[in-house]
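# Close look at the chain arrangement
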Amino acid sequence: LNDKDEFVRREVAYSLAVTRSRTATTSLIDRLLNDKEDGVRGAAAVALGMIGDDNAVIPLATVLAPQLSAPAKGKRKPETNQFVLRAAAVALGQIKNRAATPALIAALNNEKFPADVRREAARSLGLLGDPAAIPALKSASVSEDPFLSKLAFQALQNLSRGSTP
């Protein structure tokens, strides 16, 4: 993960995802938060979701909604890469820890985010099953984006049944 070659770092992150070993979580979090290459940060987010370690929730949430986290020592620019943001939203849904709810709601409500990021936030909120997401999902269910609207509606259905898909 510390190789000079971006391709190597990215492929190692994906390989670690396949192992599903939680021992890789700390190193992947470091790549997610500190790598200069979008592809490596995105691969780290994907890997963290596949591993499913609760210790990754706060770093992933920080990437998705930095305004909700405590200020870091060094000022980091907010993430702007669509793939990284979408991967973080998906990963939070895969981990299924309700601590991610505020960040996913913030992403869902952020109209400046790309549509795919907002859609994945809605899908992940449905997977978490946290009733706190109901107002945001109701609002998104009447979105002009038909895909976002459908995903928000499905998430609301999952919440009302008390189940996850």
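Scroll up a little and you will see the structure.
To start, this report covers the structure provided alongside it. (Residues numbered from 1 in each chain as written. Predicted model: local features only at pLDDT ≥ 70, side-chain atom pairs only at ≥ 80, totals over all residues. Heavy atoms only, no water.)

Glancing now at the overall build of the chain. Helix and strand counts for the chain stand at nine helices and zero strands. Taking 2.2 N^0.38 as the reference for a compact globule, 165 residues should give roughly 15 Å; the C-alpha atoms of the chain span a radius of gyration of 15 Å, in line with that estimate. By principal-axis analysis of the C-alpha atoms, the chain measures approximately 45 × 30 × 30 Å. Counting over 165 residues, the chain shows a buried share of 48%. In the chain, once contacts between residues fewer than 6 apart in sequence are set aside, the share between residues at least 24 apart is 69%. As presented, the chain carries roughly 8800 Å² of accessible surface, and 53% of it is formed by carbon and sulfur atoms. Computing the positive centroid from 22 side-chain charges and the negative centroid from 17, the chain places the two 4 Å apart. (Helix = DSSP H or I, 4+ residues; strand = E, 2+ residues; numbered from the N terminus. Rg over C-alpha atoms; globule rule 2.2 N^0.38 Å. Buried < 20%, exposed > 50% of the residue type's maximum accessible area, 1.4 Å probe, protein only. Contact = heavy atoms within 4.5 Å. Areas by Shrake-Rupley, 256 points an atom, 1.4 Å probe, with all protein chains shown as cover. Lys, Arg positive; Asp, Glu negative; His and termini not counted. Charge placed at Lys NZ, Arg CZ, Asp CG, Glu CD.)

Another aspect to go through is the pattern of salt bridges. Considering all chains together, one arrives at 12 salt bridges under this definition. A salt bridge links glutamate 6 to arginine 10, with the nearest nitrogen and oxygen atoms 3.7 Å apart. You can see glutamate 6 and its partner arginine 10 sitting in helix H1 (residues 6-19), four residues apart, about one turn around the helix. Assessed through its relative accessible area of 22%, arginine 10 is described here as partly exposed. (Salt bridge = Lys/Arg side-chain N within 4 Å of Asp/Glu carboxyl O.)

Below, the discussion takes up the nonpolar core. Grouped together as the largest cluster of nonpolar side chains are 47 residues, with contacts concentrated most on Leu28, Leu60, Leu64, Leu104, Leu108 and Leu137. Ranked by the residues each element gives to this core, the list is headed by helix H5 (residues 82-95), at eight residues. (Core = buried A, V, L, I, M, F, W, Y, C linked by side-chain atoms within 4.5 Å.)

A few words on the packing of helix H7 (residues 115-128) against helix H9 (residues 146-161). It is at 8 Å that the axes of H7 and H9 come closest, and there the two elements cross at 10°. By the angle class used here, H7 and H9 are roughly parallel. Every residue of H9 that contacts H7 at Arg118, Arg119, Ala122, Arg123 and Gly126 is listed here: Phe147, Leu148, Leu151, Ala152, Ala155 and Asn158. For the contact of H7 with H9, the class distribution of residues is six nonpolar, two polar and three charged. (Axes fitted to C-alpha atoms, helices over the stretch in contact; angles between N-to-C directions. Parallel < 35°, antiparallel > 145°, perpendicular 65-115°, else oblique. Nonpolar A, V, L, I, M, F, W, Y, C, P; charged D, E, K, R; others polar.)

With respect to the secondary-structure elements, serine 124 resides in helix H7. Of the polar contacts made by the side chain of serine 124, one reaches the backbone nitrogen of glycine 93; its length is 3.4 Å. Apart from the residues lying within four places of it in its own chain, the contact partners of serine 124 are Ala89, Val90, Gly93 and Leu104. (Polar contact = N/O pair within 3.5 Å; in protein donor to acceptor, adjacent residues only side chain to side chain.)

Taking 1.5 Å per residue, 14 residues should reach 20 Å; H7 reaches 20 Å between its end C-alpha atoms and fits that length. For H7, the buried fraction is high: 11 of the 14 residues fall into the buried class. Of the positions making up H7, those classed as buried are Val117, Arg118, Arg119, Glu120, Ala121, Ala122, Ser124, Leu125, Gly126, Leu127 and Leu128. Buried residues belonging to H7 abut helix H4 (57-64), H5, helix H6 (101-109), helix H8 (134-140) and H9. Among the residues trailing H7, glycine 129 stands out with phi positive, at a value near 75°. (Expected span 1.5 Å × (residues − 1).)

Here threonine 25 is to be found in helix H2 (residues 25-34). With a relative accessible area of 3%, threonine 25 lands in the buried category. Taking C-alpha positions, threonine 25 is 7.8 Å from isoleucine 51, a pair spaced 26 residues apart along the chain. Sequence-distant contacts of threonine 25, that is, excluding residues within four places in its chain, are made with Leu48, Ile51, Asp53, Asn55 and Ala56.

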